[in-house]
Every structure is written in C-alpha cells, then in structure tokens.
Amino acid sequence: MSRRVLVLAHTGREESLKAAWEACAQLHASGIIPVMQKSELADMEGFFGQMEQPVEILHDHIQLPDVELVMVLGGDGTILRAAELVREEDVPLLGVNLGHVGFLAESERADLAQTVEWIASREYTVEERMTIDVQVWVRGQKIWHTWALNEAAIEKGDRERMLELVTEVDERPLTSFGCDGVVLATPTGSTAYAFSAGGPVVWPEVEALLIVPISAHALFAKPLVVSPRSRLAVEVLNRTDALGVLWCDGRRSVDLPPGARVEVTRSSTPVRLARTHQTPFSARLVRKFELPIHGWRGPVPQSEQIHTGPVPIVRTPRTMPPPPGVRPYEPGSESDPPTEK
C-alpha cells in the first residue's frame, strides 16, 4: 500500500510556498505520495507553475485517516492550525519551523531534506501532548465548547477597563482580583502565552495545569501549578459591566459578558507530535531562547571512572604545644577568668 504524507503550509509566505514545493518533490522521490489541501496546492502552483510530480488533494482523492503523517511547514501558529485539522483523527504532526521560535516544530528549514529522509525510513517516534477541554457558561446555559493545546486565555475586552475575576480550583473559590486576564495553560502552553505572562516553564512530560494571572492588582496573584485531574474555573464578576473575551490557542474566541463562567479540565484527546530525534527539552530551551551556557563543565564523572593515587593521611598531635614564651593554662590557677556570682 502506498504511503501518503499531507503537506500543510502557510501559503501567505513565499518561503513557505518554496518549502512546500521542495517537500512534495522530495517526498515523491522517496516513494511517498504527497497530499495537499486544494486551496494550498492552487496557491503553490499559481506561484511556481504546474508540478511535474502528481500531488493528491485531501478530501478529493484521499481522506485524512489514510494519511500517515502531516508535515507542517511554518511556525507554531501553522502547527496549531494543523492540530485543528487532525483533531478527530489519529494522525501525528511533524513541524518544520519557518517562523521565529517554533517550540512545537521538530526541525528547521535547513533540515528539510534530512527530515524527508527520516520520514521515508520511518525514523521517528510519536509523543502525546496534553490538551484541555474548555466550556463557557452564561446564566446556567452552556454557550460554547471547544479545546486547546496551548491555553485558554481570558482577556479584557476593553483596553481602558480591567476585568474583575474570581478563580476556582476543584469547585472551591481561590481568590479574586482586577486584572488584564488569566491564562489557563497546559505544559505545552507553558512556553507560549503563559510564559509571556510570567508563568513557569513546565517540561512537556509533566502532567499539570497552570493558572497564570495577567497584570493582576492583588498581593496574591502568583502563577499556580495544579493537578491535571483538577477542574479549573474563572468567573467574570458583576462588580462592573466590563466585558471579557476568551481565546483558545489564539485561534478561536467567544465574548464573555459579566457573570460568564469558563471551566477547564484535561481533555481525553491528546495531540500527537512526531519526533525525529530525542532532544532533551532543556536543550530545546537553550536553542530556542539562545540561553547563555558558557562555563558549563558537565556532570561529575562516576567514581569508577576516576583514577587517582592514594589519599595522603596527615596526623596531628592530640594537644598542641603553647607558643614560645606562653605559659600553658592550668585549671584552677590565678589566670582563670573571674566568674559572676
């Protein structure tokens, strides 16, 4: 049976179109049938002309469950769009970063040919990333239900007015404050909006949920890391008539009137990301943020790897002789210091 890889690109950029053209040609040369969405294929061929190699069109020639992998060419925003596309299917995503930071991407633009070789030889593994289930309630009615890979961000709707919010964990109120908003994030989202708001960086394999206030006017408004089994909620208080807006992954939004309630729990459907090499997350942080590591010496070698001579033993007398000209102290002598009575 022929193997098929869906190539998804940000067709609004010339560099992305060029990368998609090269990826399709290299996939075909490796014996893999490239698949594209109809609109993106039209944009690419409108820019470069008709491709010599055949490219199948998603939903016309092939359906998503028949695709082995989605090769995403772009930044984290393009990968988030791809995650929406494969949400209901068990298809992994492999990102090639054409953006700036690209935390979700596995490789860089210069590694495109090597990435195709890894795909052709099936030299990749798949890891699952936690997602969250998001519900919005107004006057006891559920008005919105969606999901997010990075975060659900409650923000103020008017620039000149703060939001009055109260946070809740496991159906118990935690604290209320005026703020610009609150970010409810996954470990994957800890390096996205939550990071910009001052939240902690959480390793992807850690199972947890994050609550990160944005510019809160309160003494107790620190980022919190809670259990992945917890139920988080944020309510827009009726103290003012300020409106809020909820953004999920920066792609889907809904307005939040006073009295609205946002509930977040762990979703049962993860996002699957393909990895071509097992790079430690710490190394990814250093590379993406260009962190200074000069002077690092590395772990101490194991004792069996260290070859040293015998340790010298220095013996000292039990009592040290007094310096020359100094009379040794004798208990009970006149030189005893006076004691208080």
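Caption draft 1: Examining helix α6 (residues 281-289) more closely. Residues of α6 that are buried: F281, R284, L285 and K288. All buried residues of α6 project into a common sector of 100° when viewed along the axis, lining one side. Buried residues belonging to α6 abut β5 (93-97), β6 (107-108) and β20 (271-275). Within two residues after α6, E290 carries a phi angle of roughly 50°, on the positive side.

Caption draft 2: Summary view of the sheet that holds strand β9 (residues 141-148). If you walk across this open sheet you meet the 6 strands as β9-β8-β19-β16-β11-β12, and the pairing is antiparallel. The outermost strands of the open sheet, each flanked by one partner alone, are β9 and β12 (172-179). Taken over all neighbouring pairs, the strand axes of this sheet differ in orientation by 20° on average, direction set aside. As paired strands, strand β11 (residues 163-169) and β12 are joined by 7 bridges and run antiparallel to one another. Residue pairing across strands places V169 opposite R172, the latter belonging to β12.

Caption draft 3: Spatial organisation of the pairing of strand β2 (residues 33-36). In this structure, strand β1 (residues 4-9) lies alongside β2, joined through 3 bridges in parallel fashion. Its bridge partner being in β2, V5 is matched across the sheet by P34. Read as a crossover between parallel neighbours, the route from β1 over helix α1 (residues 14-29) to β2 is right-handed. With 2 bridges joining them, β2 and strand β3 (residues 56-57) adopt parallel strand pairing. Within β3, the residue paired with M36 across the bridge is I57. With helix α2 (residues 38-48) bridging β2 and its parallel neighbour β3, the resulting β-α-β unit is right-handed.

Caption draft 4: How the structure looks around the pattern of salt bridges. The full count for this structure, using the stated rule, is 22 salt bridges. Here R109 ties to E15 by a salt bridge, and the two come within 2.7 Å at their closest N and O atoms. Taken together, the residues span a long stretch of sequence, with R109 in the loop between β6 and α4 (112-120) and E15 in helix α1 at a distance of 94 residues. Between R272 and D90 there is a salt bridge; the shortest N-O distance is 3.0 Å.

Caption draft 5: Here's a closer look at the packing of α1 against α2. With their axes 10 Å apart at the nearest point, α1 and α2 run at an angle of 95° to one another. Overall, the two elements α1 and α2 adopt an arrangement that is roughly perpendicular. Between α1, through E14, L17, K18, A20, W21 and C24, and α2, the contact on the second element is made entirely by D43, M44, F47 and F48. Here the residues of the contact of α1 with α2 are counted per class, giving 7 nonpolar, no polar and 3 charged.

Caption draft 6: Representation of the side chain of S267. Within the fold, S267 resides in the loop between β19 (261-266) and β20. One polar contact links the side chain of S267 to the main-chain amide nitrogen of T269, over a distance of 3.1 Å.

Caption draft 7: Just the sheet that holds strand β17 (residues 244-248), in detail. Across the sheet, 6 strands lie side by side as β15-β14-β13-β10-β17-β18; this open sheet has antiparallel pairing. Each edge of the open sheet is held by one strand with a lone partner, namely β15 (224-226) and β18 (252-256). Averaged over all pairs of adjacent strands, the angle between strand axes in this sheet comes to 15°, irrespective of strand direction. In the sheet, strand β13 (residues 181-185) pairs with strand β14 (residues 209-214) via 5 bridges, with the strands oriented antiparallel. Of the residues in β14, the one forming a bridge with G181 is I214.

Thresholds, definitions, all that
Residues numbered from 1 in each chain as written. Predicted model: local features only at pLDDT ≥ 70, side-chain atom pairs only at ≥ 80, totals over all residues. Heavy atoms only, no water. Buried < 20%, exposed > 50% of the residue type's maximum accessible area, 1.4 Å probe, protein only. Helix = DSSP H or I, 4+ residues; strand = E, 2+ residues; numbered from the N terminus. Arc of directions from axis to C-beta. Contact = heavy atoms within 4.5 Å. Pairing = 2+ DSSP bridges. Axes fitted to C-alpha atoms, helices over the stretch in contact; angles between N-to-C directions. Right-handed = clockwise from strand over helix to strand, strands pointing away. Salt bridge = Lys/Arg side-chain N within 4 Å of Asp/Glu carboxyl O. Parallel < 35°, antiparallel > 145°, perpendicular 65-115°, else oblique. Nonpolar A, V, L, I, M, F, W, Y, C, P; charged D, E, K, R; others polar. Polar contact = N/O pair within 3.5 Å; in protein donor to acceptor, adjacent residues only side chain to side chain.

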